[in-house]
Structure formats: structure tokens, C-alpha cells
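Below are the chains, spelled out letter by letter.
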Amino acid sequence: MRQHNTRFLPLFFLLLLAAGCRDNREQGVPTCVVERTDYREEIVIGGTARSANTVTILCGREVSGTIKYIVEDGTLVKAGDTLCIVESPSLESSLDDHYTLLESVEAEFVKGEVTYGLDHALQVARMETNRAETQIAALDSLQLQYLPPLQRRIRELNLQRADIERRRAQNALAMQEIIHRTDSQRLVILMDHIRRRIVDRKALIASLVFTAPQDGLALVAESWRSGGDKMKVGDEVWDGISLVTLPDVSHMEVTVRAPETDYKRISLGDSVTFTLPADPDNRAWGHIVKKMPVGVEAAKDSKVRLYEVTAAVDSMVRAIRPESSMECRICLRALPDTLVVPAVCVCDVDSSKVVYVQKPNGRVEKREVEVALMTTSTAVLAKGVSEGERLRLLGPS
């Protein structure tokens, strides 16, 4: 009996191995489970952040000085906050010179008024004296007919001389008034000019305190002394030099350059999710707002053309620094609550789309389905299968 069992033992192992191979073949058929999920067709492309509204703070006209204070680079500021203060000894010296000149001209004006008042009073007194003498002489004119001819002639000449003196005094007084009026007007015009220059100098000195015209992220300009270094206290500045750039980080845009194949798939209004490689915890969301119709060469003599696409940032976790590198995940199409399977599950049979459902009992059922969307990797099924069913990835051979 023991010899009989030993003889049939190799045959038993062969049968067991054959059965195991059949089971492994059945289990080795690749399948997948029909899942209900939100389908998103996306492309990922790199871009650069920039502000849609940037203000550059420049050193004012006729200004030459040194920086007394400048805001720390990368500071978030509010409208009205001080960004930079510049000292200008030449402007302050010019203001002092104008004040000194104004005092001198005002003193000359007062002196002229006093001198004119005295001269005018003396001239009027002379005229009054001459008028009195003329009136007295006129009273004696009745006696002229009783005087000898020589004395009568002398008296007539004296009356004529008094009349000439009177007219001369009147002319001198009128000329004195004209000269005084001209000198006064000249000095008044000069004082007004000096006062305007003082106002201009004061305005220039006041303009050396630079404040933020809007909320934003203060970016200190690079120093002219050496590349890469930022402006600092003590640096010399002059007319037109850039001090601070103030991008409004509440209105940001991201510009990407997409190859033609991706560019054609992108549409205005497509939603975008932004991530920052340098700041993984920060995220932002927006949408496509602009597509440039003309592309540029990706490289010199390259046949590949890149097209500029702009996306507006609608919201963000925290402020994004301009010129930051961004990863843009552009959603081309979104279908909520759909049945999604790999594209290889769907086969073309007699102009119909079919799938092969793997039943729990091992049987395979061919079933016609309605495909809502088909890509090279994914199929969205509208009808024909249910969530949780298992599909063969490959049709029967």
C-alpha cells in the first residue's frame, strides 16, 4: 500500500501545478475598477509672476543728494507710508540764499517808499510856497499901472518866473511819481519772483520725502555703484534715478509661453491653479485673460514657436513677489461626478464602443457603452457601466 501511494505522488504534483497555472492565468488578466470622480483635463506649464499695476518711484527733478532713509526691501506697505527720504544740501543752501535775497529786496523796497515819501512831501511844500507867492504877487498886480515902466517890467517878469517855477514843480512831481511807480513795480515783480522760487525750493525739499501712492510690495532698486546690491542709506542719488519699485501685489498676473499644441487647447476663461516652487506652502488661483496671436521662436533658427498666454491671479494664500517662478496647472475641461476608466478599456467593435466587464464568477460580459469624452489615456463613460464594476484592460484575444 505504501509503495502504491509513492508511485502516484509525482502525478498528483503535476495535476496540482497545472491547476495553479490555470488560476494564475485567470488572475493575471489586467482589470480596473470603474470609479466615480471629478474629471479634469489639465496641462502644466511654467510661468513668471508680475504685477498688473506697478509704480516706480524716481528721484525728482533738480535733485542731487544722499539717501537718509530707505524702506527695507520686500516690505509690504500701505498707501502713504514713507519709502525713502533724500537729503539735498544744495537745495537747502539755495533756499537760504533766496531768503537772504528776499530780505534784501524787501529792505530796498521799504527804503524806496520812505525816500519817495520825503521827496514827495518836499516837492509839495515847494509847490505850496510857490502858489502862495504867486497869489500874493497877483494881489499887487493892481499897482502895476502906477509903477514906472522899468519896475513894472521887473514885476511882470517875477510873476512869469513864479508861474514857470510852479509848472516846473508840477512836472517834477509827476516825473517823480512815474519813477517811483516804475521802481516799485520792478521791486514787487522781483519779490514775487523770489517768493515763487522759495515756494519751488520748499516743494522740492518736501518732495524728497517719497511716500507710497498705493498699497504694494516695496522693492528697493539696485545701486548704481555695483550690480546686484540694493540702494542703501548714504548712497548718492540724482534727477531721474530709480529708488523703489512698488508693484501692487493685490493685482497680479502670470505670463507663460506655451508651445503651439498647448496654446491651441487653451481657451480664455480657463481656470488656473498656481504653485510656487520656492514657496511650496503658498498657492494661488486665477483664470486665462489674454492670448497673444503671434508666437516667437523658442530659440534662434528654431521651428518651434512659443505663444504668450496671460492669466490673472484672482486669489492667493499670501502675497506673491513679482518675477517669482510659477507652476501653472491650467484646467482645459472639468466634468464633475463622472465615471472614469483607462482609455484601453474601451474597444471599437462594429462601429460601437464596448467594454468587457469581469464578473465575480469569472465570466466576461461584452457591454456597449456611451463615451462622453475620450483622450489618449482616459475615457469618461456616460452610460453602460456602473460604479464599482471591474473592467478588463484588454479585450479577448
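Parameters and conventions
Residues numbered from 1 in each chain as written. Predicted model: local features only at pLDDT ≥ 70, side-chain atom pairs only at ≥ 80, totals over all residues. Heavy atoms only, no water. Pairing = 2+ DSSP bridges. Helix = DSSP H or I, 4+ residues; strand = E, 2+ residues; numbered from the N terminus. 1 Å grid on protein atoms, 1.4 Å probe; cavity = no way out; pocket = protein on both sides within 12 Å on 5 of 7 lines; lining within 4 Å. Points joined across faces, edges and corners; volume = space filled by probe spheres on them. Contact = heavy atoms within 4.5 Å. Axes fitted to C-alpha atoms, helices over the stretch in contact; angles between N-to-C directions. pLDDT = per-residue confidence, 0-100. Salt bridge = Lys/Arg side-chain N within 4 Å of Asp/Glu carboxyl O. Nonpolar A, V, L, I, M, F, W, Y, C, P; charged D, E, K, R; others polar.

A. Layout of the pairing of strand β10 (residues 242–247). Looking at chain direction, strand β3 (residues 54–58) and β10 are connected through five bridges and run antiparallel. Each bridged residue has a counterpart across the sheet, and for Val55 the counterpart in β10 is Leu246. Examined bridge by bridge, strand β8 (residues 216–220) and β10 share two bridges and lie antiparallel to one another. Residue pairing in the sheet places Val220 in a bridge with Val244 of β10.

B. Summary view of empty space enclosed by the protein. Within this structure, the stated rule accounts for one cavity of 30 Å³ or more. By volume, the largest cavity amounts to about 30 Å³. As for the largest cavity, its lining consists of Val254, Val256, Val272, Ile288, Val309, Thr310, Ala311, Cys328 and Ile330. Ranked by the residues each element gives to the lining of the largest cavity, the list is headed by strand β15 (residues 305–316), at three residues.

C. Region of the structure containing the environment of Lys366. Tracing the sequence through the fold places Lys366 in strand β19 (residues 364–368). Through-space distance from the C-alpha of Lys366 to that of Gly395 is 9.1 Å; in sequence the pair is 29 residues apart. With sequence-adjacent residues up to four places away left out, Lys366 is seen in contact with Val349, Val354, Val355 and Tyr356.

D. Geometry of the sheet that holds strand β9 (residues 236–238). Strand order in the open sheet formed by four strands is β7-β6-β4-β9, and the pairing between neighbours is antiparallel. Taken across any chain shown, the strands that pair with only one partner, and hence form the sheet edges, are β7 (209–211) and β9. The mean angle between the axes of side-by-side strands here comes to 40°, regardless of whether they run parallel or antiparallel. With four bridges connecting them, strand β4 (residues 64–70) and strand β6 (residues 82–87) associate as antiparallel partners. Note on β6: the bridge partner recorded for Ile70 is Cys84.

E. Main features of the environment of Asp163. Within the secondary structure layout, Asp163 lies in helix α3 (residues 149–206). Distance from Asp163 to Arg131, taken between C-alpha atoms, is 8.5 Å for residues 32 residues apart in sequence.

F. Highlighting the confidence of the model for the protein chain. With 88% of its residues at a pLDDT of 70 or more, the protein chain shows a mean pLDDT of 84. Ranking the helices and strands of the protein chain by mean pLDDT puts strand β12 (residues 271–276) first, with 96, and helix α1 (residues 2–27) last, with 34.

G. Examining the sheet that holds strand β5 (residues 75–77) more closely. Read across the open sheet, the four strands follow the order β3-β10-β8-β5; overall the sheet is antiparallel. This sheet does not close on itself; its edge strands, each paired only once, are β3 and β5. In this sheet, adjacent strand axes meet at a mean angle of 30° when their direction is disregarded. Of the pairings in the sheet, the one linking β5 to β8 comprises three bridges and is antiparallel in character. In the sheet register, Leu76 faces β8, and the bridge partner there is Leu217.

H. The arrangement of the pattern of salt bridges in detail. Applying the stated rule across the entire model yields 18 salt bridges. Among the charged side chains, a salt-bridge network with shared partners connects Lys359, Glu365, Arg367 and Glu389.

I. Geometry of the layout of surface pockets. By volume, the largest pocket amounts to about 200 Å³. What lines the largest pocket is a set of 14 residues, and nearest its centre among them are Gly112, Tyr116, Ile179, His180 and Asp183. In terms of residue class, the lining of the largest pocket is made up of four nonpolar, five polar and five charged.

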